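# Results of the structural survey
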Amino acid sequence: MNARTSALDALVFGVDVQSGDVRGDAPSYATVAYDGEHFDRDVVSYRKLRRLIEREEPSIVATDNVYELATDHDDLVRFLRWLPDSTRLVQVTGAERPEPLSRVASRHGVPYGKDPMQEAEAAARLAAANVGHEVTAFADTTTVKVSRGRSTGSGGWSQDRYTRRIHGNVKKRAREVGEALDSANLDYDREVTEKYGGYANAVFTVEAAPDDLPVSRSRSGDTRIEIERERRDGIEFEPLVQRRDRVLVGIDPGTTTAAAVVSLDGEVLDVFSTRTADTAGVIEWLVERGRPVVVAADVEPMPETVEKFRRSFDAAGWEPTADLPVDEKLHRTRDLTYDNDHERDALAAALFAFDDYEDQFDRITRKVPPQFDRGEVIGRVVTGEASVEAVIDDLSDDDDEKNEESAHEPRELSPEERRIKRLERQVDRLENQVDDLESEVERKDERIAEYEEELSEARREERREARERREINRLERETTRLERERDEERDRADELEAKLERLKTLWKLDHSDFADVSEGKDLVPVKVVEQFTCDAIGDAEEAYGLASGDVIYLRDASGAGRSTAERLVATDPRVVLRDGNLSEAADEVLFDHDIPVAPAADVTIQEVDELAVARGSEVEAAVDDWERRADERSKERKSEMVDQIISEHRAEGGD
């Protein structure tokens, strides 16, 4: 493929398998690039074919069978998803039941040969003439997703600021996409996932094809835009142009009028019902969908309204020998979709009519030569009650009349006169061509002027964007500085808040309003330690501080060892109130350091939020009780020591 072909405005690729198979190894393809005047031919591998399509972005890739480009249904969907947005895949031989390429080419007067390159050229010519069906797997609904362009990371001193910046940029980009869609007057739905500082993503569901969108796929810095068309339930074949083919029509008249259209192959093309449209409106709807050959009713005799439709189209009429039973209509339409009973009855009438005519349609089709339109022949035979041979002869006569002028050309012209006429015709053609070229030059000059204006505008826009980027960079630096100052102020605020909480604690202790002790203010603060462990002592010290002379309350005094007891002794408490029993080691350490220990049950402790207070008199009583028990314990120790010394002395005297 040369550079000249790739620069053309409307480019069609015709493709046919040259050798191998897409399901096997290394298939090659005869490929023809056609711009309406010139052909470029080449034999390429499958991979190179895809590179050509991706590079040239032809308007159509045409073939006689799409499964020469894909191994199966899923592979075909992947191929369609990969195609450039501006490129359509066209099967020129029909829809689900394609005709032979030779017959289609003959019908449309396109040169045909069995060589793969000739078949590829025929496919290109047919597609350029809007013959064939576009193969689609996606609806005209597109999803535009704006999301993060990079990971938010795993943490760090500036992680929050970094995450906020990314989410803020996603939100800003989503707003720009929404404004662009609004400017293009496109309908869309939006769903956003809000995150810290902005959006994690925003999804726009737009009622448009990707090439109609004012945005494109991109990835820039913190954001990226992904565009994906909505998938249909299956593969669909849509004609390049809506031809008014011959069809069968079923009508169900009444307050609600329903109509159904069925092709000559028995395929249901469309169905609708209306309570408001008149006969003219229904006829207009039918004209848009084909040329009726047969108009059918589901009852006998045919209602007058249905007869009016039949006469309007000069079509054949069909009615059953007796009114169609409801169960038979339900069975005949069991696999079809309809909205109400009226549409069901219209569908049943059209389908039962097709069942009656199917054998006749097949016989006519077998007799029709490839160069004639099967639907035209069937229409004339069914509505005119003529034989197939007579219709074909009549159509052949019509073709002969087109050449009547050349058949009656005067024979008495001399060679010079014939040459003059030939040259005159040539001059006319050249003059017309000159006019066309001059018009083309004018159009191109206008386009050049438009491009120059767009270039000037683009340069102005680029300068404006450069100024905006410089301003954005300055503002980002300023934002970074302000964020740093804000973080420092937040840290300072946290410190002040902690200090305030400590001050609140002290205030609460000095302003107790307990009803039972309000008169004498006989209260002392109690500092609670959840467990007799080093960690719990540390938590309490960090929360409200442990100082000499504090009353400490151990919710769970069990399990402490010598080192934990020494950790508590270091705070020099006034008394330790306990729930649970101390271990012997902990009790020994506290006793040796003269730390009073008393059961918490002996003292009334009242808690407010995280604070606790107790009656001072009860605390003093608990300390006095401990001192009394400590004196007795000391006397017992001294007595035991004296007894031990006497025993040891006697033992030594005996030696």
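This text goes with the structure placed above it.
We now turn to the structure provided with this report.

About the thresholds
Residues numbered from 1 in each chain as written. Predicted model: local features only at pLDDT ≥ 70, side-chain atom pairs only at ≥ 80, totals over all residues. Heavy atoms only, no water. Helix = DSSP H or I, 4+ residues; strand = E, 2+ residues; numbered from the N terminus. Buried < 20%, exposed > 50% of the residue type's maximum accessible area, 1.4 Å probe, protein only. Salt bridge = Lys/Arg side-chain N within 4 Å of Asp/Glu carboxyl O. Polar contact = N/O pair within 3.5 Å; in protein donor to acceptor, adjacent residues only side chain to side chain. Contact = heavy atoms within 4.5 Å. Patch = residues over 30% accessible without salt bridge, like charges linked within 9 Å, V, L, I, M, F, W, Y side chains within 5 Å. Areas by Shrake-Rupley, 256 points an atom, 1.4 Å probe, with all protein chains shown as cover. Lys, Arg positive; Asp, Glu negative; His and termini not counted. Charge placed at Lys NZ, Arg CZ, Asp CG, Glu CD. Pairing = 2+ DSSP bridges. Axes fitted to C-alpha atoms, helices over the stretch in contact; angles between N-to-C directions. Core = buried A, V, L, I, M, F, W, Y, C linked by side-chain atoms within 4.5 Å.

### Comments concerning unusual backbone geometry
Going from Glu 300 to Pro 301, the amide bond is cis rather than trans, its omega being 0°. With respect to the helices and strands, Pro 301 occurs in the loop between strand S14 (291-296) and helix H8 (304-313). The residue Glu 57 is not glycine, and still its phi comes out positive at about 50°. Its location among the elements puts Glu 57 in the loop between helix H2 (46-56) and strand S4 (60-63). Residue classification places Glu 57 among the partly exposed residues on the basis of a relative accessible area of 44%.

### Overview of the pattern of salt bridges
Applying the stated criterion to the full structure yields 42 salt bridges. Across the salt bridge formed by Arg 55 and Glu 56, the nearest N and O atoms sit 2.6 Å from each other. Judged by its relative accessible area of 54%, Arg 55 falls in the exposed class. Note that Glu 471 is salt-bridged to Arg 474, the shortest N-O span being 2.5 Å. Here the residue Glu 471 and the residue Arg 474 both occupy positions in helix H14 (residues 415-510), the gap between them amounting to 3 residues, near one helical turn. By sharing partners, the salt bridges in this structure join Asp 298, Lys 329, Asp 341, Arg 344 and Asp 345 into a single network.

### Points about the side chain of Asp 222
Mapped onto the elements, Asp 222 comes out in the loop between strand S9 (218-220) and strand S10 (223-239). Classification of Asp 222 as buried rests on a relative accessible area of 7%. Among the polar contacts made by the side chain of Asp 222, one reaches the side chain of Arg 165 at a distance of 3.1 Å. Asp 222 has contacts with Ser 147, Arg 148, Gly 149, Arg 150, Arg 165, Ile 166, Asn 169 and Val 170, leaving out every residue within four places of it along the chain.

### Concerning a positive patch on the surface
On the surface, Arg 459, Arg 463, Arg 467, Arg 469 and Arg 470 cluster together into a patch of positive charge. Here Arg 459 lies in helix H14.

### Brief notes about the sheet that holds strand S13 (residues 268-274)
Strands sit in the order S13-S12-S11-S14-S15 across an open sheet of 5 strands; the sheet is mixed. The open sheet has two edge strands, S13 and strand S15 (316-318), and neither has a second partner. Neighbour-to-neighbour, the strand axes of this sheet turn through a mean angle of 25°, independent of strand direction. Both S14 and S15 contribute to a ladder of 3 bridges, which runs parallel.

### Side note on the nonpolar core
Among the nonpolar cores identified, the biggest contains 28 residues, and Leu 80 and Leu 89 are the most heavily contacted of them. At the level of elements, strand S1 (12-19), strand S2 (28-34), H2, helix H3 (73-82), strand S6 (133-148) and S10 are the ones that each hand at least two residues to this core. Apart from residues lying up to four places away in sequence, Leu 80 is in contact with Leu 89, Val 135, Thr 136, Ala 137, Phe 138 and Ile 235. By size, the runner-up hydrophobic cluster in this structure holds 26 residues, among which are Val 368, Ile 378, Val 391 and Ile 392.

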